[in-house]
Every structure is written in structure tokens, then in C-alpha cells.
Amino acid sequence: MAKSKNNAKKVSYISVPSEVINSLSSSSLQTLLLSPKKPSRNRFCYRSPKLWFFALFLFGILGMMKLWLDLEPSCLTTQSQTQGNLFSKPQLVFPSNKSKSEGAFQSKLQVSDENEFWKQPDGLGYKPCLGFSRDYRRGSETIVKDRRKYLLVVVSGGMNQQRNQIVDAVVIARILGAALVVPILQVNVIWGDESEFGDIFDLEHFKKVLAKDVRIVSSLPSTHIMTRPVEEKRTPLHVSPQWIRARYLKRLNREGVLLLRGLDSRLSKDLPSDLQKLRCKVAFDALKFVPPILELGNKLVERMHSNGPYLALHLRMEKDVWVRTGCLPGLTSQYDEMIDIERKRRPELLTGRSNMTYHERKLAGLCPLNALEVTRLLKALGAPRDAPIYLAGGQPLGGKEALLPLRREFPHLYNKEDLTFPTELEPFTKRASLMAAIDYIVSEKSDVFMASHGGNMGHAIQGHRAYAGHKKFITPNKRHMLPYFLNSSLPEAEFNMIIKDLHRDSLGQPELRTTKDGRDVTKYPIPECMCNSSF
């Protein structure tokens, strides 16, 4: 195996089962030391002093290894710099740092809270159901056979934002009765990611799942290559199917090709039932990641699960998030000043409500939670101190220093880099969309998920976790809980009780989309995409 400076800090530890060591050090070693000098039935040992001393030496070494393993601090075992790794994957090890009496006492106090934290919602009996109407199925026969109309779309943003636009592109193609050319992913100017659709999503699976809904083609046929497409750049927000047909259908029938850009949030969230089902079908069934991403993502899920249930956190603490939200990171005055300068230099980045002060935004629940607030929230909700936590998302402003409050209370924090060998992650490191896809897999399959500030990924995973089996999803009730965070005189026990009460009705139980118009069905798939057979 080639040596690498990057591997210098990574060490392999050999895990010897304690039962083997105990049996060797207590029974076999005791028999050897206390056996009489006269000949016994074990004449081979008695008549082979060299073998006797070798066995004694071996048992002593094993005993020392047992002591060394008991004292070794918690770590993530990874590849050694100088020799091959004995494991097929890194392994998480969480030794206890409590005395037996203290641990027993604390476990009695905390077991109920910890069990409650990992407890999954029952889902109220809702399960996926995508039964399309007879009219929809009848219309599909004509649509998938059409060879005259083609829709081209260019999608932008990060992976999760692109994902949302691809969902809308399929629905718009269905509304227009056009074949959808595989969406073009615009090069991301921030991360320089040149990934194409097929680099992220399984194209053949995408086509197969949607074969009865929309015809998907890899490129324009030769009959349409020379056609100058009708291009639309100014589609209003939240347009209806009626608006789309009135605006585009006549020109599309005449020219044969329509090109749409900037689809983000252009399609209405309140669509007819069949089209809502189609959105769910695209988001949860058709958009499957390519095998290399799935393979690595699932490996990380296994590694996080190696010590039991785990929590995935999507911390929105990157520099651009603080700038866009009009909020401050709360680290030092130096970082606050840095964000304030950047915001004044580029005021167009601020998203909405520009007349509000930072404190007004904070109290209105419009700011991401920082590491200290996330820590207090998790503690109040009963998260175990030894819980493995996966950190999704980009590098926070302030680096590791920004995460110190969280790491002090929850020391078992891991990200992609911690859980992989360099050779495993190397093919993805320069592709932000692929790295985001890995985060998506590990987050979606976690036992508990929490996002510190909504966003495209948080919304997508909320809907996906509901659709996949109602896995626990924590939505921080920022607007109501932050006044209690600012009250330093509030006793911790009372604070914890208040925070639990504020989140009692929002810890993963599915919310029905019917309670509020304009909600995205891919975030709230009930009742359009999930049915309750007991009703």
C-alpha cells in the first residue's frame, strides 16, 4: 500500500474480543502458573519448557493488550500509514469514561429520556400510495407516444435545488404532453461543479420509473436538432397548469422545442391530485443516485450504525448562509464584522425582509441555530451524550472552533472525511453535488434527523423520511424557544421541560399538507401521496 502524508494521523487498532482475553488470562494462565512440578496428564507442557515459556509470554502480551484497549480513548479506527488495514471499513469505538457506580446511577436517570429520544413516530397509519386516476392513465398512452414536442430545461443551484427543479420539469413536460430531454445541469459558479445528470442520478432508472408518465430522451432527435427552440427565461413564480398551457402549448406545437431556464419555484405547489402524485413519484422513486454514490453512502450508514442508532445534523453555518439570512454567527466580533461587511458589499444576497434588524430576525426564527443553541436543544430533548452524530453540509464559518460547544457535550461527531479512507472519498471531493448526495443518503437513513435552518435539503429529507417510513424528524421551534434560550436565570430542569413541551407535537409525526396552502407535496406527502387504509 502506498504511503501518504494524508494518512499520517490515521491509526489502525486491532479489536480483540474481551471474552477471548478473559478466558486466556484467567483460566489457561492460572492453570500454567499453579500446576505442580511433578508430571501430570499434561506431560507435553511439562516436558517442553521452551513451549511453556513461549505460552506464558504470549498470554502476558494478550493481557497487556486488554489493559491497553480498556484505556484507549474513543477514536475512529482508520487506515494505518505504514501497514495494511485489517478491517474492511473504519469502525467507531465508544468506550465508557464513567465509573461503574456512577454509570449505573446515571443510566437509571437517563434511560427513559434516551429511549424517548430514539423512539420513532407511528406515522398515524399512512403509507405510500400513488394510484393515478383513469383519465391520467388514458392520457399517458398518447403522451408517451408523441414524437413532435420536446422540452429542454436548464437547472441551477446545488444538488438539492437541482433536484427540486428536475421534479418540476417532469411535471411541466406532462402538462404540455412533451417528451423531456434529460435536464441540463448548469455549471455551479460557486463550487465549479461540472457534474451532469448521469453523474448524480441513475438515468436508466429515471427513464424506467417514468416510462408510463412522460417520455424521457437523452437528446433531441435528428429531426429537431436544427430547430431553434422557443426560450423562456421569465416564468413567474407559482404558475398553474392552465397558465403553462396558455403560455407555451401553441408555440411548442408550432416550433417543436421549448427551452426553459430558472425553474426554481416557478410551478405552483397546489396542483391537481394526479400531478401531485407525479411529483412524489419523481422525487421519491425516480431520482435514485448512481451506484458509486449509493455504495459509499450506504457504507457510511453502516459505519454510523456500528454502535447503535445515530443522529444526523444538517448545520447551516456556512459563510454564505449567514450572509443570505441577514444573521450573525455569534462566534466573535471579528466574524460578525466579516459577515456584516460582506452583506453590505453584496446587498442582493440578502433574502427578503431587508428592513428587519438581526435581533428581529433572530426572534422571528429566521436565523440558523449556532452550535451552542443546537447543543442546548439536543440536551433538552434527551439526546444521549454518547450518541454518534453525523454532520452533513459544508464547513462552518470558523471551522472546528465553531463546533466546540457541540463537541464538548457530544464528543462523537463525524463527517464524510472522518468516516472514509482517502481513496474512498477522492473520486467525489471536487464535485460538490456528489458530496451533497452522500450527505443526503446518510441523513435520510439516520435514526433521527434535524436541520438547524430548513433549506432545500432539510425539506427534501423531511418528505423522504415520511414517505420511507416516518423516521423521526426534529423541526426546531425557533420562534417560540429562543426567548427561553436568552433567559439565563431559568433553571436547567425547567428549561428542558419547556423545550420538550414546545416540541412534543413536532417530533417527526407527519403533518398533513391540507393544513396550509402552498406547501410542497415533496415535503408534506400526506394526503396526496400517502393513504391511511384505516379511514
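The notes below deal with the structure included here. (Residues numbered from 1 in each chain as written. Predicted model: local features only at pLDDT ≥ 70, side-chain atom pairs only at ≥ 80, totals over all residues. Heavy atoms only, no water.)

## Observations concerning the state of the cysteines
No. 1: For the structure shown, the criterion picks out three disulfides.
No. 2: Put simply, cysteine 129 and cysteine 531 are joined by a disulfide, and their sulfur atoms are 1.6 Å apart. An S-S torsion of about 75 degrees defines the bridge between cysteine 129 and cysteine 531 as right-handed. Taken together, the positions of cysteine 129 in the loop between β3 (126–128) and α5 (134–145) and cysteine 531 in strand β15 (residues 530–532) put the pair 402 residues apart, joining distant regions of the chain.
No. 3: Residue cysteine 531 is classed as partly exposed on the basis of its relative accessible area, which comes to 40%.
No. 4: Across the disulfide from cysteine 327 sits cysteine 367; the S-S distance is 2.0 Å. (Disulfide = S-S within 2.5 Å. Helix = DSSP H or I, 4+ residues; strand = E, 2+ residues; numbered from the N terminus. Buried < 20%, exposed > 50% of the residue type's maximum accessible area, 1.4 Å probe, protein only.)

## Some points on the sheet that holds strand β13 (residues 448–451)
No. 1: Read from one edge of the open sheet, five strands run β12-β11-β10-β13-β14, paired in parallel fashion. Here the strands that pair on one side only, and so sit at the sheet edges, are β12 (413–414) and β14 (472–474).
No. 2: Looking at chain direction, strand β10 (residues 311–314) and β13 are connected through four bridges and run parallel. Of the residues in β13, the one forming a bridge with histidine 314 is alanine 451. (Pairing = 2+ DSSP bridges.)

## Some thoughts on helix α19 (residues 432–444)
No. 1: The terminal C-alpha atoms of α19, which comprises 13 residues, lie 18 Å apart, in line with the 18 Å expected from a rise of 1.5 Å per residue.
No. 2: Of all 13 residues making up α19, 12 are buried, and the element is well covered by its neighbours.
No. 3: Here α19 has its buried residues at Ser433, Leu434, Met435, Ala436, Ala437, Ile438, Asp439, Tyr440, Ile441, Val442, Ser443 and Glu444. (Expected span 1.5 Å × (residues − 1).)

## Remarks on the nonpolar core
No. 1: Grouped together as the largest cluster of nonpolar side chains are 79 residues, with contacts concentrated most on Leu151, Leu180, Phe206, Phe289, Ile293 and Tyr390.
No. 2: Looking at this core element by element, the count peaks at 10 residues for helix α6 (residues 159–176).
No. 3: Leucine 151 has contacts with Ala169, Ile172, Ala173, Ala178, Ala179, Leu180, Val181, Leu258 and Leu260, leaving out every residue within four places of it along the chain.
No. 4: Counting residues in hydrophobic clusters, the runner-up holds 40 residues, among them Cys327, Tyr335, Ala371 and Leu413. (Core = buried A, V, L, I, M, F, W, Y, C linked by side-chain atoms within 4.5 Å. Contact = heavy atoms within 4.5 Å.)

## Let's talk about the pairing of strand β11 (residues 389–392)
No. 1: With burial as the criterion, each face of β11 is covered, one bearing Ile389 and Leu391 and the other bearing Tyr390 and Ala392.
No. 2: Pairing geometry for β10 and β11, over four bridges, is parallel. Paired with leucine 311 across the strands is isoleucine 389, a residue of β11.
No. 3: Inspection of the sheet shows β11 paired to β12 by two bridges, in the parallel sense. The partner of tyrosine 390 across the bridge, within β12, is tyrosine 414.
No. 4: Following the chain from β11 across helix α16 (residues 404–409) to the adjacent parallel β12, one finds a crossover that is right-handed. (Right-handed = clockwise from strand over helix to strand, strands pointing away.)

## Considering the packing of α6 against helix α9 (residues 241–255)
No. 1: α9 packs onto α6 with a crossing angle of 65 degrees between their chain directions and a minimal axis gap of 9 Å. One element, α6, and the other, α9, form an angle in the roughly perpendicular class. Between α6 and α9 the crossing geometry is right-handed. Together, Ile172, Ile175 and Leu176 of α6 and Pro241, Ile244, Arg245, Tyr248, Leu249 and Leu252 of α9 make up the contact between the two elements. (Axes fitted to C-alpha atoms, helices over the stretch in contact; angles between N-to-C directions. Parallel < 35°, antiparallel > 145°, perpendicular 65-115°, else oblique. Left-handed = near helix turned anticlockwise from the far one by under 90°.)

## What to know about the pattern of salt bridges
No. 1: Within the structure shown, the criterion is met by 25 salt bridges.
No. 2: A salt bridge links aspartate 168 to arginine 279; the nearest nitrogen and oxygen atoms lie 2.7 Å apart. With aspartate 168 in helix α6 and arginine 279 in helix α10 (residues 273–286), this residue pair connects regions lying 111 residues apart in the sequence.
No. 3: Residue classification places aspartate 168 among the buried positions, given a relative accessible area of 3%.
No. 4: One salt bridge connects aspartate 340 with lysine 344, and the closest N-O pair in it is separated by 3.3 Å. You can see aspartate 340 and its partner lysine 344 sitting in helix α13 (residues 333–345), four residues apart, about one turn around the helix.
No. 5: Among the charged side chains, a network of salt bridges with common partners joins Glu295, Lys299, Arg303 and Glu424. (Salt bridge = Lys/Arg side-chain N within 4 Å of Asp/Glu carboxyl O.)

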